[in-house]
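Coordinate inspection notes
Okay, here's what each chain looks like letter by letter:
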Amino acid sequence: MTGIAEATRIGGSVDAHKGTGEDMPDGRQDSGAMSAMLEVRDLVVSFQGAKKSWNNAVEGVDFSVRQGEILGIVGESSCGKSVTSFSIMRLHNERSTKYQGSITFDGSDIFSLSPKQLRELRGGDIGFIFQNPMSSLNPLMTIGQQLRETVHAHQTSLGKEEVEASCIEALEDAGSDDPKAWMERYPYQLSGGMLQRVVIGIALINHPKLLIADEPTTALDVTIQMQLLKVLRGLRDKRGMSIILITHDMGVVAQMCDRVEVMYLGQIVESAPVDELFAHPRHPYTQGLLAATPPLDGDRPERLSTIPGSVPQLSEVAGSGCRFASRCPFVADECRKSVIDMQSIAERHGARCIRLAEIGEFRKVAS
Amino acid sequence: MTEATAVTHNKPAKTRRGSNSWWNAVLSSPSTMIGGGLLLLIALACVLVPWLGNMDGYTTNTSAMLLSPSAGHPMGTDNVGRDTFTRVLLGGKASLTVGISVAAISGVIGFVVGLYAAYYPKIGYLLMRICDGLMAFPAILFAIVFIGSFGQSTRSVVLALSIVFVPMVARVVRSATMTNMNENYVQVLVNLGSGSFRILWKNIVLNVIGAWIVEVTFVFADAILVEAAMSFIGAGIPQPQASWGNMLYDSRTYIYSAWWMTVFPGVALALTVFVINMFGDGLREVFDPKRRR
Amino acid sequence: MTNQENPILQVNSIYKDFISRGLTRKGASVFHALQNVSFELAGKQTYALVGESGSGKSTTGRIICALEKPTTGSIVFEGNNYTDYSPSLLRERIRGNIQMVFQDPFSALNPRKAVGNAIVEALEIQKIGDSRSDRLDMAVDMIERVGLSSKQIDRFPHQFSGGQLQRVNIARALVVRPKILILDESVSALDVSVQAQVLNLLQDLKEEFSLSYLFITHDLSVVRFIADRIGVLRKGELVEEGTVEQIFGNPRTDYTRNLLGSIPLPDPRRHQLMAA
């Protein structure tokens, strides 16, 4: 990893970032790594509910991705991780969605882009991979047709052979062993793992700077998952691409990511480099999540440690202090009084909890 | 909109989908409420107004032929001097009677046929081929043949149309049932040792009835249209009984001289069908399976 | 290998072929879903059937539940071979004893039926209890036993979360007092924190109701926690079988080794993704 960390946002100092990325050479991890490829600042996404009420799905989300970095966004269902990732490309229905805050990608403000510029960005500089590969492919077109279409949508000047070559290259990079044969086939003729490679290939074809992968391996068998994770990791190493990996699987996070944002009910509750997070998880939710995973080695426990209760409705807890209070074993009166901000723990490590000191003590006593 | 109304509107949205939540959903669906309300209004007008007003739509009066609309005859009179307003209302009564009867008969038969056709694939295959056969004939042709052999009366019209519409209802019920058969809850019931009666009539029915009601509403509207077409060509409700279809038939030679004879029954027919379809579309939204989760 | 105390369930070399017929002879094809699968489930034991998608593990579960018949082979429950039982005989002797909990908790419940009624219905079908109020009492007891509140009994499935619904499904399966509970990916769709709760609940219920579990899953970390014995299925064949210690400590086939090596470890210091 490169030495200097970005200006830490945890203390609240947000260094305005102006597009220095433009004149950077293609090589990665030069001094330009100081600035972020993607910066999400204080993002609030709200959806229109019944009778013109607006409900916040995501609140105060704040993170950045540097060039060549794999950022993990982890959390359980309905924590807002997909909402966040969709917002980066403004994929939500614009009529019933309100965004606040800012998202800056490679120097340009996503929220001020025209529809045309957005289209250029999607599938161009930002690639997207969804959980279910079958639903993101057209069942009536061959793989080749769909790949070529993506190329044509963004690079109109290429000749036929160049298009063909870049299709084959993209599929190879996505881990296809026989790209030419794959391109002749229709989606139903390929297995789930092959299809997800095709989807990765389509995402790669215009050489994106950032790849957003939303639960890319959840629907696949573990052996296939491992192969695809290797492909994604290899892409980062080979192309210097940044990746945002959205997952619920702590194992995938541990193996893949450089940094991790843990989300709970629309907020980031803990943010840390991956080693730090697994070695010293500080937020009670992160601790609970790690402890609830059945261990793969060591003693077989009689019982698993659990997080009590279930995820409440966002409307039940919004605006009343810590959102995790109803399930937290360390909850105190002060937790419910006011909105909890991110607390700085170490450089680049923060947690949205005001009882970090006490919890640390408690854990020492318990163990 | 004030805050108070916004709050009260939020509540049914939250509790929607339960058993009596259908009713809540109906209440919060404007097209269902407006469509249903207007339909009720039309039906009441057609049944009650001629009866309360002791109106006569049959006595011919050669001294009052082809009168244009006036205070005494708000819709004018026809070529034999009958009051068009009265006949439009009586025609509505006939049309709605045919529509409701057809919807009820084909609805019930179609429901049972569709349900069992889905549950027993082999019988279902046979039944569906019969339905395909029935659907291959244009509804109106089939009805004419039927009336030709059994005589022209309102009852024949109803029976003919019921047979024509059974396959449409059966199809919808069958496909809704088949979707439910693939749900695991049916497997769970089988695994608990449940017989077919309980599975079909105490479980699947609850999930099929919504789609069925919607389809029956559309059959209602269709039946009124086909009845009008049949009456127009003289194969429907027998004269001198009024029906929108045979009124339009009577009017065709006077279309330039007595526009009211064409316009009023025509508008009544179009309006009624429109209102029923609006009601049906509202119901379709209410029962939308996408809301189930 | 079979010197466990007398098994409650024996699966004897079952085969299952799926035949798809075409219009012509050429169009027909046979898919061998299961080939010569045999194993035994000892009383009060948890047997885990693991495998990837298409390995035939769910088909095995459905055959044991008598929702499907095997092409050849036999299934024996407490000494009775019920493979060729008639529907009424199955209902009388087998249905109540072998229950199944499915992967998708939503699809396994009738969306238009209150969960209390779904549990009461299970009792009605099995002719347990004398009156409706009697059955309602049993339903309430069971709902509370699985960690839900009796107040929730009148609610409809959409008013619950996935984890809560899976508890309802478990309650409905257990209220008829089965001896074997088949769990077909029953915790796979749940969030980790909820999954841990349900797994703990299953462990408790196993003791309390003297249950034997057949756990069908692809998730090896769950298997390691809950199972006593493991069978590894691959393309319809049982490639390896043994205790948890044997399978995890000393896998004999490459397939099992590969399967075990593919689970991402929640520990960033142990790199598994070296070469692409």
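Residues numbered from 1 in each chain as written. Chains lettered and ligands numbered in written order. Predicted model: local features only at pLDDT ≥ 70, side-chain atom pairs only at ≥ 80, totals over all residues.

Per an unreviewed UniProt entry, chain B goes by ABC transporter integral membrane protein and derives from Bifidobacterium psychraerophilum. Of the comments in the UniProt record for chain B, the one headed Subcellular location (unreviewed entry) reads "Cell membrane". Of the comments in the UniProt record for chain B, the one headed Sequence similarities (unreviewed entry) reads "Belongs to the binding-protein-dependent transport system permease family." (UniProt positions renumbered as here; feature names shortened; annotations may be inferred.)

As annotated in an unreviewed UniProt entry, chain A is Oligopeptide/dipeptide ABC transporter ATPase from Bifidobacterium psychraerophilum. Comment text from UniProt for chain A, heading Sequence similarities (unreviewed entry), reads "Belongs to the ABC transporter superfamily." You can read under Subcellular location (unreviewed entry) in the UniProt record for chain A the words "Cell membrane".

Glancing now at the interface of chain C and chain A. The partner chain A presents 36 residues to the 31 residues of chain C that form the contact. If you list the elements that add at least two residues to the side of chain C that touches chain A, you get α5 (162-174), α6 (192-208), α7 (220-226) and α9 (254-261) of chain C. Of all the elements, α6 of chain C adds the most residues to the side of chain C that touches chain A, at eight residues. For the side of chain C that touches chain A, a count of residues per class yields 14 nonpolar, 13 polar and four charged. (Contact = placed C-beta atoms within 7 Å. Helix = DSSP H or I, 4+ residues; strand = E, 2+ residues; numbered from the N terminus. Nonpolar A, V, L, I, M, F, W, Y, C, P; charged D, E, K, R; others polar.)

This next bit is on the sheet that holds strand β6 (residues 98-101) of chain C. Residues and elements named next belong to chain C. Read from one edge to the other, the open sheet built from six strands follows the order β6-β7-β8-β3-β9-β10, with strand pairing classed as mixed. Strands with a single pairing partner mark the edges of an open sheet, and in this sheet they are β6 and β10 (237-243). Geometrically, the sheet is characterised by an average inter-axis angle of 15 degrees between neighbouring strands, direction not taken into account. Where strand β7 (residues 180-184) lies against strand β8 (residues 212-217), five bridges are found, and the strand directions are parallel. Its bridge partner being in β8, Ile 182 is matched across the sheet by Leu 214. (Pairing = 2+ DSSP bridges. Axes fitted to C-alpha atoms, helices over the stretch in contact; angles between N-to-C directions.)

A few words now on the environment of Leu 96 of chain B. All names here are of chain B. Relative to the assigned elements, Leu 96 resides in helix α4 (residues 84-119). Leu 96 sits in the buried class, given 21 other C-beta atoms within 10 Å. For Leu 96 and Ile 42, which are 54 residues apart along the polypeptide, the C-alpha to C-alpha distance reads 9.4 Å. Once residues lying within four places of it in the same chain are set aside, the contact partners of Leu 96 are Ala 43 and Cys 46. (Buried ≥ 20, exposed ≤ 12 C-beta atoms within 10 Å, placed from the backbone.)

Residue and element names in this part refer to chain A. Split into domains, chain A comes out as domain 1 (36-125 + 208-351) and domain 2 (140-207). For domain 1 versus domain 2, the distance between C-alpha centres works out to 29 Å. Listed by partner, the interface residues are 13 residues for domain 1 and 14 residues for domain 2. A total of five residues in the side of domain 1 that touches domain 2 trace back to one element, the largest contributor, which is helix α7 (residues 222-239). Of the residues in the side of domain 1 that touches domain 2, the class split is nine nonpolar, three polar and one charged. (Domains from an automatic or database assignment.)

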